[in-house]
Amino acid sequence: MERCLAALSSRDGDGRKFYYNGPVTEGWSGLLGEESGNFLLVSVCPDKIPLLGVWKDEGMCNDRVTCTLEPSIGYYDSLEMAVDNGTAQWIAANTSYEWHIELILGAGDWQQARE
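Notes on the confidence of the model for the protein
For step 1, the next point in the chain: Of all residues in the protein, 90% attain a pLDDT of 70 or more, and the chain-wide mean is 85.
For step 2, the next point in the chain: In this model, residues 1-8 is a region of pLDDT below 50 whose contacts with residues beyond four sequence positions or in other chains number 15 contacts.

Here it is as structure tokens:
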């Protein structure tokens, strides 16, 4: 995915979505501003939230190029597609599915922030 998202400079009114192929092997992901050193780390329990999407907005929904991490319980932005490809999570009637997300914002050494 890094290669696909490296060029965040063009703003053509388009948007793209990339998906990590299969369940994630770790429960964290992040974004790093190469020039500023600013970072965002996102942590979830991979047993409960096993999938990851990355949305690159090139002016489709925002007035500037943006990138968003999307931990997920199913592939694609359609429940029908997730059911068809076997990634939809089923939650029985009168039950719940709980999980949490941890966000860390910072500047500098992102690896130290994970410790």
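Some remarks on the environment of Cys45
For step 1, the next point in the chain: For Cys45, the position within the fold is in the loop between β3 (38-43) and β4 (51-58).
For step 2, the next point in the chain: Sequence-wise, Cys45 and Trp28 are 17 residues apart; in three dimensions their C-alpha atoms are separated by 8.4 Å.

Here we look at the side chain of Lys56
For step 1, the next point in the chain: Structurally, the position occupied by Lys56 is in strand β4.
For step 2, the next point in the chain: A polar contact of 2.8 Å, which involves the side chain of Lys56, links it to the side chain of Glu58.

Some details on the packing of aromatic side chains
For step 1, the next point in the chain: This model, assessed by the stated rule, comprises two aromatic pairs.
For step 2, the next point in the chain: Summarising the aromatic geometry, the rings of Tyr19 and Tyr75 are spaced 5.2 Å apart at their centres and angled 65° between planes, so their arrangement reads as edge-to-face. Residue Tyr19 is located in strand β1 (residues 14-19), and its partner Tyr75 is located in the loop between β5 (66-72) and α2 (79-84); the two are separated by 56 residues in the primary sequence.
For step 3, the next point in the chain: The partly exposed category is assigned to Tyr19, whose relative accessible area is 25%.

Section: the sheet that holds β4
For step 1, the next point in the chain: Spatial strand order, β1-β4-β5: three strands in an open sheet with antiparallel pairing. Each edge of the sheet is formed by a strand with only one pairing partner; in this case those strands are β1 and β5. Each strand of the sheet is rotated relative to its neighbour by a mean of 20°, with strand direction disregarded.
For step 2, the next point in the chain: Relative to β4, β1 is paired through six bridges, and the arrangement is antiparallel. Its bridge partner lying in β4, Phe18 is registered against Val54.

Some words on a nonpolar patch on the surface
For step 1, the next point in the chain: Taken together, Leu79, Val83 and Trp90 make up a surface patch of nonpolar side chains, about 400 Å² in accessible area.
For step 2, the next point in the chain: Assignment of secondary structure puts Trp90 in the loop between α2 and β6 (102-107).

Each value, and the rule that gives it
- Residues numbered from 1 in each chain as written.
- Predicted model: local features only at pLDDT ≥ 70, side-chain atom pairs only at ≥ 80, totals over all residues.
- Heavy atoms only, no water.
- pLDDT = per-residue confidence, 0-100.
- Contact = heavy atoms within 4.5 Å.
- Helix = DSSP H or I, 4+ residues; strand = E, 2+ residues; numbered from the N terminus.
- Polar contact = N/O pair within 3.5 Å; in protein donor to acceptor, adjacent residues only side chain to side chain.
- Phe/Tyr/Trp six-rings, centres within 6.5 Å; stacked < 30°, edge-to-face > 60°.
- Buried < 20%, exposed > 50% of the residue type's maximum accessible area, 1.4 Å probe, protein only.
- Pairing = 2+ DSSP bridges.
- Axes fitted to C-alpha atoms, helices over the stretch in contact; angles between N-to-C directions.
- Patch = residues over 30% accessible without salt bridge, like charges linked within 9 Å, V, L, I, M, F, W, Y side chains within 5 Å.
- Areas by Shrake-Rupley, 256 points an atom, 1.4 Å probe, with all protein chains shown as cover.
- Salt bridge = Lys/Arg side-chain N within 4 Å of Asp/Glu carboxyl O.

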